[in-house]
Amino acid sequence: MLSSRRGTTIDEESAADLRLTEKFEKANCLFPAEVKLILEDRKNAHTNPESELSRIPITNTLEKTLAYVQAFPQYKNTETAREVRNKLERFEKFRQFEIAALASLCPEQAEEAKALVPRQVLILYEELQNVLDELNSMKDTQM
């Protein structure tokens with residue numbers, strides 16, 4: 001705990017213990033497939049002379065980030081990425097960063113998911129395993 005100047009105490013943020021400040025608790029988090037889709041759309045808009053974005057140069061950072069997320073093609077198309085997010089968001093127990101972590105890391109077993117995202121102990125093993133099986137089948141069957 002940290003002390004503030006006014007004599008109150010505040011809990012220290014700790015990612016290891018999944019104690020995050022409120023702004024991170026409510027933040028929308030993306031997984032690599034979603035970032036890839038956004039950046040590809042941005043880059044494609046740059047080549048369209050009718051787009052307002054065509055006047056904004058493509059930065060080196062955008063290019064490097066796009067190359068990075070393209071190296072991890074768990075979910076290749078927009079529909080699959082959207083379906084992955086929808087499946088994970090059906091579980092109200094998942095926080096946004098947990099959804100992004102599970103979609104990014106693609107664990108195959110519930111034990112693995114619980115080790116990677118410890119808060120998953122709140123979800124029944126069978127329920128979590130069913131979700132992971134669905135996500136992995138989506139990863140394997142997309143074109």
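What you see is a predicted model, and the numbers here were worked out from it, not measured in a lab.

Student: Would you take a moment to explain the nonpolar core for this structure?
Tutor: Nonpolar side chains tend toward joint burial in soluble globular proteins. By size, the foremost hydrophobic cluster in this structure holds 22 residues, and its most contacted members are Phe31, Tyr75, Val84, Leu88, Phe94, Leu128 and Leu135. The dominant element in this core, judged by the number of residues it contributes, is helix α7 (residues 125-141), at 5 residues. Beyond its immediate sequence surroundings of up to four residues, Phe31 is in contact with Tyr75, Ala81, Val84, Arg85, Ala100, Ala103 and Ser104.

Student: Just to check I follow, could you spell out the packing of aromatic side chains for this structure?
Tutor: In this description, an aromatic ring pair is defined by two values, namely the gap between the centres and the angle between the planes. Applying the stated criterion across every chain, the model contains 3 aromatic pairs. A ring pair is formed by Phe31 and Tyr75, whose centres lie 6.0 Å apart and whose planes are at 80 degrees; its orientation type is edge-to-face. Placement of Phe31 in the loop between α1 (22-25) and α2 (32-47) and of Tyr75 in the loop between α3 (60-70) and α4 (78-89) is noted, with a sequence separation of 44 residues between them. Each member of the pair, Phe31 as well as Tyr75, is classed as buried.

Student: Help me understand α3, please; the structure alone is not making it clear to me.
Tutor: Because the α-helix completes a turn every 3.6 residues, residues three or four places apart line up on one side. Burial in α3 covers these residues: Leu62, Leu66 and Val69. Considered in projection along α3, the buried side chains sweep an arc of 70 degrees and stay on one side of the axis. Across from the buried face of α3, at angles greater than 90 degrees, the exposed residues are Asn60, Thr61, Lys64 and Tyr68.

Student: Explain the packing of α2 against α4 here, please?
Tutor: Helix packing for two helices is described by the angle between their axes and how far apart those axes are. Put simply, α2 and α4 touch, their axes get as near as 10 Å, and they point 140 degrees apart. By the angle between their axes, α2 is oblique relative to α4. The crossing of α2 and α4 is left-handed. Residues Ala33, Glu34 and Leu37 of α2 form the contact with α4, whose own contacting residues are Thr78, Ala81 and Arg85. Along the lines of polarity and charge, the residues of the contact of α2 with α4 split into 3 nonpolar, 1 polar and 2 charged.

Student: I'm lost on the pattern of salt bridges in this one. Help?
Tutor: Pairing between side chains of opposite charge can happen when the charged atoms of each approach one another. Inspection of the entire model under this criterion finds 6 salt bridges. Residue Lys36 pairs with Glu40 through a salt bridge whose shortest N-O separation is 3.3 Å. Remark: Glu40 and Lys36 occur in helix α2; sequence separation between them is 4 residues, near one turn of the helix. With a relative accessible area of 22%, Glu40 lands in the partly exposed category. Residues Glu134 and Lys87 are paired through a salt bridge, measuring 2.7 Å at the closest nitrogen-oxygen approach. A residue pair is termed long-range when its members are at least 10 positions apart, and Glu134 in helix α7 and Lys87 in helix α4 qualify at 47 residues. It is possible to trace a salt-bridge network through shared partners that takes in Glu34, Arg85 and Glu89.

Reading the values: the criteria
Residues numbered from 1 in each chain as written. Predicted model: local features only at pLDDT ≥ 70, side-chain atom pairs only at ≥ 80, totals over all residues. Heavy atoms only, no water. Core = buried A, V, L, I, M, F, W, Y, C linked by side-chain atoms within 4.5 Å. Buried < 20%, exposed > 50% of the residue type's maximum accessible area, 1.4 Å probe, protein only. Helix = DSSP H or I, 4+ residues; strand = E, 2+ residues; numbered from the N terminus. Contact = heavy atoms within 4.5 Å. Phe/Tyr/Trp six-rings, centres within 6.5 Å; stacked < 30°, edge-to-face > 60°. Arc of directions from axis to C-beta. Axes fitted to C-alpha atoms, helices over the stretch in contact; angles between N-to-C directions. Parallel < 35°, antiparallel > 145°, perpendicular 65-115°, else oblique. Left-handed = near helix turned anticlockwise from the far one by under 90°. Nonpolar A, V, L, I, M, F, W, Y, C, P; charged D, E, K, R; others polar. Salt bridge = Lys/Arg side-chain N within 4 Å of Asp/Glu carboxyl O.

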